[in-house]
Number of protein chains: 2
Amino acid sequence: MGKKAIIAIDAMGGDNAPFEIVKGSIEAVNQKDIEIILVGDESKIARELKSYSYDPSKLSIVHASEVIDMEEAPVIAIRKKKDSSMVVGLNLLKDKKADAFISAGSTGALLAGGTFLVGRIKGVERPALAPLIPNKTGFSLLIDCGANMDSKPSYLSQFAQMGSIYMENIMGVSNPKVGLINVGVEKEKGNQLTKEAYSLMEELDINFMGNIEARDIPYGRADVIVCDAFTGNIILKYTEGFGLSLFDIIKEELMGSTLSKIGALLSKSAFKRIKHRFDYTEYGGAPMLGLQGLVIKAHGSSNSKAIFSAICQGIQFKEQKIVEQIEQRINQ
Amino acid sequence: MGKKAIIAIDAMGGDNAPFEIVKGSIEAVNQKDIEIILVGDESKIARELKSYSYDPSKLSIVHASEVIDMEEAPVIAIRKKKDSSMVVGLNLLKDKKADAFISAGSTGALLAGGTFLVGRIKGVERPALAPLIPNKTGFSLLIDCGANMDSKPSYLSQFAQMGSIYMENIMGVSNPKVGLINVGVEKEKGNQLTKEAYSLMEELDINFMGNIEARDIPYGRADVIVCDAFTGNIILKYTEGFGLSLFDIIKEELMGSTLSKIGALLSKSAFKRIKHRFDYTEYGGAPMLGLQGLVIKAHGSSNSKAIFSAICQGIQFKEQKIVEQIEQRINQ
């Protein structure tokens, strides 16, 4: 591959495919020095592309006749649907025909496909899925939220390294603070896994701040939050459910009286700003780290802006030579 | 012990001791057919009691010369401070001189003391701490948030039974829905622990609804939420931190413009109602289940209302014969 980043994109994945996917891709093609490969139903993609003007040498289509549905069993879907947009796209990464692959499709299938189809970086024990979660001052990287349900201390130690590299090089956080999620801040706290992981993480060449408690997450005390995938999944889904339900409750109570209804009306712009602070589209998607190339899980409801952001992550990933950085750090 | 519930209370524990503790106790003495034992510094308690009129035959003081501080290492504190209000109170439970012991002091010390000093119910493998956490429609019992950091499937299965009995008999939830916290609703999802726990829980004589995801917690889909203590601790502390930080953000943004400031003023009563929906004082405290008697961890900032509610939990515990119910269910 040359110097220019080549980003493959699942044109069929997510709630708004292919319209928003193609739209975001075109915006990137017109603004960035990259090459985009749209993977999916050729005729559908071509129809979308007609609405835009762009440099055709920077964009190509790789046809895929199938689509993996959200409801399909991930491992079976990846094995059976060999001509799906997801499998074809992941193979582009495997064959070094792309630097990154972005999909807003099934998380489970993408995790399974990433693990089975794309090779791991030498020395990496398990790839990790690392979404950005909102906090009071910005976003933190929550690593791992992937498929490894029973983690080993050495996995967590590698997650800390990969997460730190990603936040520093892709998200521009200098010397990112790395915290281990635990039930107390003292070193001796926690379960067998976190106790052993703590000892390993102390030895790393990262800005390890020790344990952090879950109550510190929303305050953004750590830039990289390390945990096993079971815990990560709980935190991620609780964040989603808690936020939604709390806004439901606020809405319910504000609509409870005429006075507070007027109050809500006057506060509309404030609530808009609050919503903006939780806007994931600014950050594109969740990287899957540890593979030969970047796999990005974009939110299922991604709009063009989210896709554009994910593409920018992919460009950075190539430019900053993240694969090489991870390989070097893990094996040193 | 007779038919009347005898509730021992740590008069020295928590931020508002002894004032709010004594006040709540007097309210209970004046309204309920019970006996209260206040444990702690006799002269300080006696001084507080002077402000109230009550039937002295229903209230006694057991002197304890020491207090366990929040900062002390729990196990050491319990071992060393044998004349602390907490140790003396727990020994009243152990010696069957009380049916319940309530403390707003150090959670760690209470867990350690509960485990070491008060006997377990026959057949119970591990006692569990089970706080009530707020949701959109009320509260759910989160079991376990205690000290067992590495849980076994059989512990979780027992937590499900004890939690179900508590919610039904003490909190008045008929046929409580019991959910196992997991990363997906399907039976085969999760880590080794949850997969094996699921199989055990299916066999129980409870209303087991299967796995629930963390996003369902805030909607109150389960009355009893079963998990290992590591996960429970994460959920509990995240709930606290997330709620606080979100209200901080809302406040910050509402104060951002004159218009929204007026809006906030008009919405004041709505926000008061929201706060009330999260008011833990209605529910007293977190029961520690599986012991020969009830240990209740009251919130550190408990006021008299919270203490009163905790006392009512203790009365119910005695009346509903919870120790006997747990013993029977666990060993059937």
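Above: the structure in question.
Counting of residues starts from 1 at the beginning of each chain's written sequence and follows it residue by residue. Chains and ligands are labelled sequentially in the order written, the chains with letters from A and the ligands with numbers from 1. Per-residue local features are limited, in this predicted model, to residues with pLDDT of at least 70; the limit for side-chain atom pairs, both in listing and counting, is 80 or more; totals at the level of whole chains, interfaces and linings are taken over all residues.

Chemist: How do you make sense of the sheet that holds strand β2 (residues 34-40) of chain A when you look at a structure like this?
Modeler: Within a sheet, neighbouring strands are paired by backbone hydrogen bonds and run either parallel or antiparallel to one another. Residues and elements named next belong to chain A. If you walk across this open sheet you meet the seven strands as β3-β2-β1-β4-β12-β11-β5, and the pairing is mixed. Looking at strand neighbours, the two that pair on one side only are β3 (59-63) and β5 (128-129), the edges of this open sheet. Two elements, strand β4 (residues 100-103) and strand β12 (residues 294-298), share four bridges in a ladder whose sense is parallel. Within β12, the position partnered with I102 by the bridge is I296. Contacts from helix α5 (residues 107-117) reach β4, β5, β11 (285-289) and β12 within the one sheet, and its direction differs from that of β12 by about 175°. Two strands are said to pair when DSSP picks up at least two bridges between them. A run of H or I in DSSP becomes a helix once it reaches four residues, and a run of E becomes a strand once it reaches two; helices and strands are each numbered from the N terminus. By definition, residues are in contact whenever their C-beta atoms, placed on the basis of the backbone, come within 7 Å of each other. Note on geometry: axes are lines fitted to C-alpha atoms, helical ones only across the stretch in contact, with angles between N-to-C directions running from 0 to 180 degrees.

Chemist: Mind showing me how you'd approach the nonpolar core here?
Modeler: If you look at soluble globular proteins, the nonpolar side chains tend to sit buried side by side. In plain words, the nonpolar core is the set of buried Ala, Val, Leu, Ile, Met, Phe, Trp, Tyr and Cys residues that C-beta atoms within 7 Å link up. Counting other C-beta atoms within 10 Å of a residue's own tells you its class, since 20 or more makes it buried, 12 or fewer makes it exposed, and anything in between is partly exposed; those C-beta atoms are placed from the backbone. Within the largest apolar cluster, 217 residues are counted, with the highest numbers of intra-cluster contacts made by I7 and V226 of chain A together with I7 and V226 of chain B. Among the elements that make up this core, the one with the highest residue count is helix α8 (residues 229-254) of chain A (10 residues). Excluding residues that lie within four positions of it along the chain, I7 of chain B makes contacts with I34, I36, A98, D99, A100, I102, I311 and G314 of chain B.

Chemist: Just checking my understanding: could you explain unusual backbone geometry for this structure?
Modeler: Glycine aside, the phi torsion of most residues is negative, and most peptide linkages are trans. All names here are of chain A. Note the cis peptide between A17 and P18, where omega equals -5°. Residue placement: P18 occurs in the loop between β1 (5-10) and α1 (19-31). For K96, which is not a glycine, the phi torsion comes out positive at approximately 60°. With respect to the secondary-structure elements, K96 resides in the loop between α4 (85-94) and β4. Phi angles above zero are rare outside glycine, and N175 is one such case at about 50°. Here N175 is to be found in the loop between α6 (153-169) and β8 (177-181).

Chemist: Hey, could you run me through the environment of F208 of chain A in this one?
Modeler: Residue and element names in this part refer to chain A. Of note, F208 is situated in strand β9 (residues 207-212). Once the C-alpha coordinates of F208 and R277 are considered, the two residues, 69 residues apart in sequence, prove to be 27 Å apart. Discounting residues that sit within four places of it in the chain, F208 has contacts with A160, V178, M201 and E202.

Chemist: Help me understand the pairing of strand β3 (residues 59-63) of chain B in this model?
Modeler: Here strand β2 (residues 34-40) of chain B pairs with β3 of chain B via five bridges, running parallel. Pairing of V39 of chain B across the sheet is with V62 of chain B, part of β3 of chain B.

Chemist: Any chance you could explain the interface of chain B and chain A here in plain terms?
Modeler: How large an interface is tends to be reported as the accessible area lost when its parts come together. In this assembly, 46 residues from chain B lie in contact with 46 residues from chain A. Listed by contribution, the elements that provide at least two residues to the side of chain B that touches chain A are α8 (229-254), α9 (258-266) and α10 (268-277) of chain B. No other element matches the 17 residues that α8 of chain B contributes to the side of chain B that touches chain A. Here the side of chain B that touches chain A is composed, by residue class, of 22 nonpolar, 13 polar and 11 charged. Note that Gly is not counted as nonpolar here; it falls among the polar residues with everything else outside the nonpolar set of Ala, Val, Leu, Ile, Met, Phe, Trp, Tyr, Cys and Pro and the charged set of Asp, Glu, Lys and Arg.

Chemist: Help me out: how do you make sense of the packing of α6 of chain A against helix α7 (residues 192-202) of chain A in this one?
Modeler: Angle between the axes and distance between the axes: these two values describe a pair of packed helices. All names here are of chain A. At a minimum axis separation of 8 Å, α6 and α7 run at an interaxial angle of 45°. It follows that α6 is oblique to α7 by the angle criterion. Considering only the axes of α6 and α7, their crossing is right-handed. Contacts from P153, S154, L156, S157 and A160 in α6 reach L193, E196, A197, L200 and M201 in α7. A breakdown of the residues in the contact of α6 with α7 according to their chemical character gives seven nonpolar, two polar and one charged. An angle below 35 degrees is treated as roughly parallel, one above 145 as roughly antiparallel, one from 65 to 115 as roughly perpendicular, and anything else as oblique. Each helix crossing is assigned a hand: it is left-handed if the near helix lies turned anticlockwise from the far helix by less than a right angle, otherwise right-handed if that turn is clockwise.

Chemist: Can you help me understand the environment of M209 of chain B in this one?
Modeler: All names here are of chain B. Considering the arrangement of structural elements, one finds M209 in strand β9 (residues 207-212). Owing to 18 C-beta atoms within 10 Å, M209 belongs among the partly exposed residues under this scheme. Distance from M209 to L180, taken between C-alpha atoms, is 8.0 Å for residues 29 residues apart in sequence. Apart from residues lying up to four places away in sequence, M209 is in contact with K177, V178, G179 and A222.

Chemist: Sorry, what's going on with the relation of the copies chain B and chain A here?
Modeler: Copy one and copy two of the chain differ by a rotation about a common axis and a shift along it. Fitting of the copies onto one another was done by least squares over C-alpha atoms, counting residues only where both copies have pLDDT of at least 70. Between chain B and chain A, which share one sequence, the superposing operator has a rotation angle of 180° and an axial displacement of 0.0 Å; the RMSD is 0.0 Å. Such values leave the two copies arranged in the relation of a two-fold axis. Nearest to the rotation axis, the C-alpha of G263 of chain B is located 1.8 Å from it, this being the minimum over chain B. Looking at the interface residues of chain B, 100% of them are also at the interface in chain A, so both copies use one shared face.

Chemist: Mind showing me how you'd approach α7 of chain A here?
Modeler: Three or four residues apart is the spacing at which side chains of an α-helix point the same way, because the helix has 3.6 residues per turn. All names here are of chain A. For α7, the complete set of buried residues consists of L193, T194, A197, Y198 and M201. Projected onto a plane normal to the axis of α7, the buried residues spread over an arc of 130° and lie on a single side. Opposite the packed face of α7, turned more than 90 degrees from it, sit the exposed residues Q192 and S199. On its buried face, α7 sits against α6, β8 and β9. To be clear, the arc concerns the directions from the helix axis to the C-beta atoms.

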